[in-house]
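Spelled out, the chains give:
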Amino acid sequence: MADYVIRRVVISTVFLVVILTGLATASSEDNFDGAVWKFQMTNKLNPSSVFVGRFRVSNHILYQKASPSDPKYSKRVGENHPNHKKTRFEVNDFRVFTQIGKKMSTIKGTGRLSYKELGEWSGLFTDGDGNNWKFKAERIQE
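Source: prediction; values computed, not measured.

## Let's talk about the overall build of the protein chain
Here's step 1: Within the protein chain, the secondary structure is distributed over 1 helix and 8 strands.
Here's step 2: Reading the helices (α) and strands (β) of the protein chain from amino to carboxyl end gives α-β-β-β-β-β-β-β-β.
Here's step 3: A burial count over the protein chain gives 32% of its 142 residues as buried.
Here's step 4: Counting only contacts in the protein chain whose residues sit at least 6 apart along the sequence, the fraction spanning at least 24 positions is 39%.
Here's step 5: If you sum the accessible surface of the protein chain, you get close to 9,600 Å²; carbon and sulfur atoms cover 55% of it.

See the structure below:
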């Protein structure tokens, strides 16, 4: 009886692995490595100055879209240096948009974030001019 139960569990497990593996595979046009994050940054001295945007992280590299029609976020803009529940990232040519009017700017700087909850990080971003920003990132796509 025990052999029968073990055999059924093994067969069920193999079946689930095969099914889930089949579901997880997709064509290269349908997916990409890493996760996409949306962010919001608020200037600490001027809270009415708010930027938003999106980026992708894969293998500790940050990417943004090379053009609005770029589905893979292929432009490398920086690096991420994780350390448990804290991370530091450095960006150059980082595209940010105003909330109103969606006017684009590019900035460089360093962010220091802490894990808040699954899919959320927040902390401080210091731009190349020394301005400090409250920075919040939320994972939106795997």
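Once the structure has been displayed, the description carries forward.
## Some details on unusual backbone geometry
Here's step 1: One non-glycine residue, His60, lies in the positive phi region at around 70°.
Here's step 2: Within the fold, His60 resides in the loop between strand E2 (50-58) and strand E3 (61-64).
Here's step 3: According to the relative accessible area criterion, His60 is partly exposed, its value standing at 44%.
Here's step 4: Unusually for a residue other than glycine, Lys102 sits at a positive phi of about 50°.
Here's step 5: Secondary-structure assignment places Lys102 in the loop between strand E5 (86-98) and strand E6 (104-117).
Here's step 6: Residue Lys102 is classed as exposed on the basis of its relative accessible area, which comes to 52%.

## Examining the side chain of Gln64
Here's step 1: Positionally, Gln64 belongs in strand E3.
Here's step 2: Residue Gln64 is classed as buried on the basis of its relative accessible area of 3%.
Here's step 3: Those residues within four positions of Gln64 in sequence are excluded, and the remaining contacts are Phe39, Arg54, Phe55, Asp70, Tyr73, Ser74, Lys75, Val77, Asp93, Phe94 and Arg95.

## Examining the side chain of Arg56
Here's step 1: Relative to the helices and strands, Arg56 is located in strand E2.
Here's step 2: Buried charge without a partner: Arg56 forms no salt bridge, and the closest opposite charge is Asp33, 5.8 Å away.
Here's step 3: At 3.2 Å, the side chain of Arg56 and the backbone oxygen of Tyr73 are in polar contact.

## What about the layout of surface pockets?
A probe matching the size of a water molecule, rolled over the atoms, marks out where space remains unfilled.
Here's step 1: The space that makes up the largest pocket amounts to roughly 260 Å³.
Here's step 2: Lining the largest pocket are 13 residues, with Trp37, Val57, Asn80, Thr87 and Trp121 positioned closest to its centre.
Here's step 3: Counting only elements with at least two residues in the lining of the largest pocket, the list comes to strand E1 (35-43), E2, strand E4 (75-83) and E5.
Here's step 4: The residue makeup of the lining of the largest pocket, split by class, is 10 nonpolar, 3 polar and no charged.

## Digging into the pairing of E6
Residues in a regular strand project their side chains so that they alternate between the two faces of the sheet.
Here's step 1: Pairing of E5 with E6, which is carried by 10 bridges, proceeds in the antiparallel orientation. Bridge pairing in E6 links Phe89 to Gly111.
Here's step 2: Taken together, E5 and the strand that follows it, E6, pair antiparallel across an intervening segment of 5 residues, in which Gly101 is found at a positive phi of about 85°.
Here's step 3: When E6 meets strand E7 (residues 120-127), the two strands line up antiparallel, connected through 8 bridges. Bridge assignment links Leu113 to a residue of E7, and that residue is Gly123.

Rules behind the numbers
Residues numbered from 1 in each chain as written. Predicted model: local features only at pLDDT ≥ 70, side-chain atom pairs only at ≥ 80, totals over all residues. Heavy atoms only, no water. Helix = DSSP H or I, 4+ residues; strand = E, 2+ residues; numbered from the N terminus. Buried < 20%, exposed > 50% of the residue type's maximum accessible area, 1.4 Å probe, protein only. Contact = heavy atoms within 4.5 Å. Areas by Shrake-Rupley, 256 points an atom, 1.4 Å probe, with all protein chains shown as cover. Lys, Arg positive; Asp, Glu negative; His and termini not counted. Salt bridge = Lys/Arg side-chain N within 4 Å of Asp/Glu carboxyl O. Polar contact = N/O pair within 3.5 Å; in protein donor to acceptor, adjacent residues only side chain to side chain. 1 Å grid on protein atoms, 1.4 Å probe; cavity = no way out; pocket = protein on both sides within 12 Å on 5 of 7 lines; lining within 4 Å. Points joined across faces, edges and corners; volume = space filled by probe spheres on them. Nonpolar A, V, L, I, M, F, W, Y, C, P; charged D, E, K, R; others polar. Pairing = 2+ DSSP bridges.

Interpretation in functional terms is not warranted from these geometric data alone.
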